[in-house]
Amino acid sequence: MSQFKGGDAFEGNQEANSFTSQHSVNGGTQVALPNIKLSWQKKFRSSLSLPVIVVIILFTLIGESQNSNFLNGPTWLNILTTASFTSIVACFEGFVLISGGLDLSVGAVFLTGAMVSAELAVKGFPLIVAILGALLAGAFVGAINGGLANYVGISPIIATLGTLFCTTAIVSTLSKGLAIGPLPDSFNRLAGGTWGPIPSVIFYAVGIALIAHVILRYSTFGMKIRAVGGNRLAVDALGLNAKRISMVVYIMTGLAAAFAGVLQCSYLGAGAPSYGSDLALQVIAAVVIGGVSVLGAVGEVSGMVIGCILLSLLSIGLLLLHFAGSMQDFVVGFVMVIAVSIDKIRRTFMFRVSRNDIKRAKSS
Amino acid sequence: MSVETEPIMEIRGAWKVFGHVVALRDVNTKIYAGKILAIVGDNGAGKSTLVKALSGINRLDEGTVYFQGKVVSKIDPKFFRKLGISTVFQDLALVETLDVASNMYLDAPITKWHFFANRALMYQAAAKTLQELKVRLPSVRVAIGELSGGQRQSVAIARAVLRDNPIILLDEPTAALGVRETGEVGVILNTLKSRGKGLVLISHDLEFVFKHADIIQVMRLGAVQGIRKVSETNREEIVALITGLKSQESDDSSRKEHN
């Protein structure tokens with residue numbers, strides 16, 4: 001399974017084949033619209049997450065040669081569980097980046113979701129109220145982000161940095177810097193347990209990633225998200241209201257971050273003010289590593305998830321290799337810069353014609 | 001100037017003022033089915049303002065827009081498009097990273113269950129439209145970024161044609177194109193004309209205008225300087241009107257402005 005740049009631009013080609021034959025019969029015109037056969041080099045070059053998968057495999061194999069804990073089940077369940085929390089947020093942070101924005105406040109929203117739901121649960125409200133309260137708070141911060149970035153028109157970096165500080169300050173003031181717990185059993189069961197041998201968090205993450213994938217790839221809204229990131233002026237000229245589309249994306253991100261916070265809270269059995277402190281940068285690093293372009297329009301959900309898995313593998317793998325904790329941030333930062341550089345190069349060559357294309361053109 | 005049929009679209013007594021600049025000065029414009037109306041004029045003559053009024057982007061300060069004999073009261077680009085007026089913008093309004101079909105259907109995608117994009121149908125319909133317009137493209141699945149300027153222009157026109165609207169406005173369709181690509185756009189215009197579309201062509205390219213237009217409306221400093229049938233005029237007269245060497249004379253439109 002490989003992703004192609006632009007998501008929409010280079011998909012399979014069986015259908016195109018049937019169209020052309022059909023039209024050359026019916027239409028009778030000389031104009032042909034033949035299908036595009038991608039050379040494997042081009043597929044590889046334009047594939048967003050394939051290099052990341054290669055890195056994951058290499059790192060695992062190298063790690064395994066140093067420490068035999070690398071390839072066993074519990075380690076990987078651990079890696080995937082850690083990746084689950086980031087990937088729930090990352091899927092929608094990816095939407096924000098694809099739509100040409102940026103959301104630095106997801107960590108603060110994550111914390112808010114955790115603390116609001118914990119507080120409500122401890123106060124004796126039913127589980128569903130606790131979750132809805134957290135989602136409402138997340139959507140609220142998301143709406144403020146989207147409103148500032150679109151309707152006030154300030155840079156999303158500044159807007160979301162502002163909400164990051166404000167939200168964190170409000171939450172830590174209200175909680176007086178203390179953890180909230182112990183939580184009722186019903187709350188802990190939400191994401192605390194396992195389904196079979198697998199932690200239930202992983203199922204939540206898979207479910208949310210699937211929803212995000214369907215939205216981005218198959219819905220008309222996904223098409224519009226890409227269009228807003230690709231050419232906002234064009235979207236407005238067509239009367240599509242880019243502001244509203246972007247606004248919805250920010251709200252979705254707020255919802256996802258708050259929900260991930262709820263899950264974290266349930267998973268760990270308490271709400272603590274330290275949650276989500278470095279989540280935003282991790283999530284952004286993960287989606288960029290996964291091939292989402294910081295310049296907008298390009299990216300796939302599968303890539304975002306794979307990026308999260310790589311980051312999680314690095315943080316746990318480096319522990320297994322006895323790296324100092326402080327060096328892990330170095331690796332994350334390093335990998336992120338590499339990923340952005342690759343993104344930049346890929347954007348430059350995105351629409352460049354390859355030698356194979358010329359060869360094909362000559363032969364046709 | 002006598003014209004046999006009723007216009008499909010008409011603007012009467014249009015005024016538009018931006019601060020000190022009078023962009024439109026009592027302008028009248030008529031668009032007929034199966035005819036190409038070229039609007040020419042120097043920079044700042046009010047061509048773009050007129051197009052924006054015709055496409056529903058700008059609200060006129062004074063004046064009325066008629067479509068098929070009825071007054072259009074709701075000024076909104078989306079509504080105008082639904083009504084039957086498609087616009088090909090000068091900057092084309094295409095998204096480079098999306099493929100041809102997605103771009104053509106961006107404003108109104110074909111959906112499945114109101115949520116999913118029906119790609120298969122969009123590819124099919126986009127390919128059909130492009131083929132009918134005899135556009136040369138590798139595939140409807142290539143990204144716009146991979147296409148040449150002429151191909152992009154053709155896709156933008158094809159998008160306007162997709163809705164089968166009776167009126168198509170083209171803002172400088174050949175401004176960025178070479179000779180061969182300009183010819184390709186000309187072919188498309190002829191195809192559309194033969195299908196009975198009412199076309200409005202804004203252009204600086206007088207050669208292209210004389211080759212394809214039926215009626216030329218010359219704008220100068222926001223006012224209509226003259227309206228001529230291509231068959232009854234020549235290049236010198238049009239240039240004289242554009243530059244103001246020849247002032248407007250007895251014409252059925254625009255009479256009462258500047259003394």
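Just so you know, these numbers come straight off a predicted model, no measurement behind them.

### Digging into the overall build of chain B
Looking only at helices and strands, one finds eight helices and 12 strands in chain B. Computed over the C-alpha atoms, the radius of gyration of chain B is 19 Å, within 12% of the 18 Å expected from 2.2 N^0.38 for a compact globule of 259 residues. Counting only C-alpha atoms and orienting by the principal axes, one finds that chain B spans roughly 60 × 40 × 40 Å. Every one of the 259 residues in chain B was classed for burial, and the buried ones make up 51%. A fraction of 67% describes how many contacts in chain B between residues 6 or more apart in sequence connect residues 24 or more apart.

### Side note on the sheet that holds strand β10 (residues 198-202) of chain B
Residue and element names in this part refer to chain B. If you trace the six strands from one edge of the open sheet to the other, you get β6-β9-β10-β3-β11-β12, paired in mixed fashion. Strands with a single pairing partner mark the edges of an open sheet, and in this sheet they are β6 (85-88) and β12 (223-229). Strand-to-strand twist of the sheet, defined as the mean angle between neighbouring strand axes without regard to direction, takes the value 20°. Examined bridge by bridge, strand β3 (residues 36-41) and strand β11 (residues 215-220) share five bridges and lie parallel to one another. From the neighbouring strand, Val-40 faces β11, where its bridge partner is Val-218. Docked against the sheet, helix α8 (residues 235-243) engages β3, β11 and β12, running at close to 25° with respect to β11.

### As for the sheet that holds strand β2 (residues 21-31) of chain B
Residues and elements named next belong to chain B. What the four strands build is an open sheet, ordered β2-β1-β4-β5; its pairing is antiparallel. The sheet is open, and its two borders are formed by β2 and β5 (70-71), each paired with just one other strand. Pairing of strand β1 (residues 9-18) with β2 involves seven bridges; the strand directions are antiparallel. Residue Met-9 lies in a different strand from β2, and its bridge partner there is Ile-31.

### Remarks on the pairing of β3(B)
Residue and element names in this part refer to chain B. Burial analysis of β3 places six of its six residues in the buried class, which makes it a mostly covered element. By the alternation rule, side chains of β3 split into Ile-36, Ala-38 and Val-40 and Leu-37, Ile-39 and Gly-41, which are all buried. Where β3 and β10 come together, four bridges link them in parallel fashion. Within β10, the position partnered with Leu-37 by the bridge is Val-200.

### So, the pairing of strand β9 (residues 167-171) of chain B
All names here are of chain B. In terms of burial, β9 is a largely internal element, five of the five residues being buried. Judged by which residues are buried, β9 turns out to be covered on both faces: Ile-167, Leu-169 and Asp-171 on one side and Ile-168 and Leu-170 on the other are all buried. Direction of pairing for β6 relative to β9: parallel, over a ladder of four bridges. Bridging from a neighbouring strand, Ile-85 pairs with Ile-167 of β9. The pairing of β9 with β10 spans five bridges and is parallel. Within β10, the residue paired with Asp-171 across the bridge is Ile-202. This β-α-β element, β9 to helix α6 (residues 179-194) to β10, shows right-handed connectivity.

### Side note on α6(B)
All names here are of chain B. In a regular helix each residue adds 1.5 Å, so 16 residues correspond to 22 Å; α6 covers 23 Å between its end C-alpha atoms and thus fits that length. Among the residues of α6, those classed as buried are Glu-184, Val-185, Ile-188, Leu-189 and Leu-192. In an axial view of α6, the angular spread of the buried residues amounts to 140°, which keeps them on one side of the axis. Away from its buried face by more than 90 degrees, α6 exposes Val-179, Arg-180 and Ser-194. In this structure, the buried side of α6 is in contact with β3, α5 (149-162), β9, β10 and α7 (206-212). In the stretch just after α6, Gly-196 is the one whose phi turns positive, near 85°.

About the thresholds
- Residues numbered from 1 in each chain as written.
- Chains lettered and ligands numbered in written order.
- Predicted model: local features only at pLDDT ≥ 70, side-chain atom pairs only at ≥ 80, totals over all residues.
- Helix = DSSP H or I, 4+ residues; strand = E, 2+ residues; numbered from the N terminus.
- Rg over C-alpha atoms; globule rule 2.2 N^0.38 Å.
- Buried ≥ 20, exposed ≤ 12 C-beta atoms within 10 Å, placed from the backbone.
- Contact = placed C-beta atoms within 7 Å.
- Pairing = 2+ DSSP bridges.
- Axes fitted to C-alpha atoms, helices over the stretch in contact; angles between N-to-C directions.
- Right-handed = clockwise from strand over helix to strand, strands pointing away.
- Expected span 1.5 Å × (residues − 1).
- Arc of directions from axis to C-beta.

Function-wise, these values are silent; they only describe arrangement.
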